[in-house]
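Below are the chains, spelled out letter by letter.
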Amino acid sequence: MLNFAAEAEHNPIIPIWQEILVGGIAFAILVFVLVKLVFPRMEETFRARVDAIEGGIKRAEEAQAEANKLLQQYKEQLAEARTEAARIRDEARADATGIREDILAKAREESDRIIAAGREALQTERQTIVRQLRAEIGSLAVDLAGRIVGESLEEEARRRGTVERFLAEIGEGNGDTAAAGRR
């Protein structure tokens, strides 16, 4: 009972020393376990999260820098492509102008050649027609003169060449008249 009396007299505010000792040892074991096992793992986890976050930010910044660099390169390439396209367009226009001038020059040459050939053909045809008309006029004149005179003058006209001389004289007169008319 003594013990009971001692316990009855005990002050409830002051703890018993055995409980303090057991509580201190338990606290020390808990702190040891936390410091040796739990806190290092928590620290590793926090470090991994911080590295992941900072690494993610760093990777994002690097990706942003790379994207900006690529964007600048694409803009430069686009500017070069536009410049090249403008140069090609200007060259094509110059080529088209040259080709057009060549074609026009060839067309002019061809038309001049065709006109010259046409004039030459007309001149040849005119000379042929004049020869035919002279021959026909000569034979008509001889026939007409023969009818007027009453005899055939063809033999004599051939012998003397009177028709050709007459036509030559007419041709010289027409040539002078035609040359004067052209002037």
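Conventions and cut-offs
- Residues numbered from 1 in each chain as written.
- Predicted model: local features only at pLDDT ≥ 70, side-chain atom pairs only at ≥ 80, totals over all residues.
- Heavy atoms only, no water.
- UniProt positions renumbered as here; feature names shortened; annotations may be inferred.
- Helix = DSSP H or I, 4+ residues; strand = E, 2+ residues; numbered from the N terminus.
- Buried < 20%, exposed > 50% of the residue type's maximum accessible area, 1.4 Å probe, protein only.
- Areas by Shrake-Rupley, 256 points an atom, 1.4 Å probe, with all protein chains shown as cover.
- pLDDT = per-residue confidence, 0-100.
- Contact = heavy atoms within 4.5 Å.
- Expected span 1.5 Å × (residues − 1).
- Bend = angle between axes of the 7 residues up to and from the residue.
- Polar contact = N/O pair within 3.5 Å; in protein donor to acceptor, adjacent residues only side chain to side chain.
- Salt bridge = Lys/Arg side-chain N within 4 Å of Asp/Glu carboxyl O.

Looking at an unreviewed UniProt entry, the protein chain carries the name ATP synthase subunit b, with the source organism given as Dactylosporangium matsuzakiense. Entered under Subcellular location (unreviewed entry) in the UniProt record, the comment concerning the protein chain runs "Cell membrane". Per UniProt, the protein chain carries the Sequence similarities (unreviewed entry) text "Belongs to the ATPase B chain family."

Caption draft 1: Fine view of the overall build of the protein chain. From N to C terminus, the protein chain includes 4 helices and 0 strands. Along the protein chain, from the amino end to the carboxyl end, the secondary structure elements read α-α-α-α. The buried share of the protein chain, reckoned over its 183 residues, is 5%. Here the protein chain has roughly 16,400 Å² of accessible surface; of this, 60% comes from carbon and sulfur atoms.

Caption draft 2: Region of the structure containing the UniProt feature "coiled-coil region" (unreviewed entry) in the protein chain. Here, UniProt's "coiled-coil region" (unreviewed entry) annotation points to residues 53–91. Secondary structure within residues 53–91 divides into 100% helix and 0% strand; the distance between the first and last C-alpha atoms comes to 56 Å.

Caption draft 3: A look at the confidence of the model for the protein chain. Per-residue confidence for the protein chain averages 83 on the pLDDT scale, and 84% of its residues sit at or above 70. Predicted confidence is poor over residues 177–183, with pLDDT under 50, and the contacts of this stretch with residues over four places away or in other chains come to 2 contacts.

Caption draft 4: Layout of helix α2 (residues 17–149). For α2, with 133 residues, the first-to-last C-alpha span of 188 Å sits near the 198 Å given by 1.5 Å per residue. Along its length, α2 shows its largest kink, about 40 degrees, at Leu34. Among the residues making up α2, those that are buried are Gly55, Gly138, Val142 and Gly146.

Caption draft 5: Molecular detail of the environment of Thr124. Along the chain, Thr124 turns up in helix α2. Of note is the side chain of Thr124, whose polar atom sits 2.9 Å from the backbone oxygen of Glu120.

Caption draft 6: Representation of the pattern of salt bridges within the structure. By the definition in use, this model includes 5 salt bridges. Across the pair Arg87 and Glu91 runs a salt bridge, and its minimum N-O distance is 2.4 Å. Of this pair, Arg87 and Glu91 both sit in helix α2, 4 residues apart, which is roughly one turn of the helix. A residue is classified by how much of its surface remains accessible, and Arg87, at 36% relative accessible area, is partly exposed. Accessibility expressed as a relative area gives 38% for Glu91, which makes it partly exposed. A salt bridge links Glu110 to Arg113; its shortest N-O distance comes to 2.4 Å. Linking Glu110 with Arg113, this pair stays in helix α2, spanning 3 residues, or about one helical turn. Overall, the relative accessible area of 48% leaves Arg113 in the partly exposed class. Linked by salt bridges that have partners in common, Glu84, Arg87 and Glu91 make up one network.

Caption draft 7: View of the UniProt feature "transmembrane region" (unreviewed entry) in the protein chain. UniProt's feature table lists "transmembrane region" (unreviewed entry) at residues 20–39, given in the numbering used throughout. For residues 20–39, the helix share is 100%, the strand share is 0%, and the end-to-end C-alpha distance is 26 Å.

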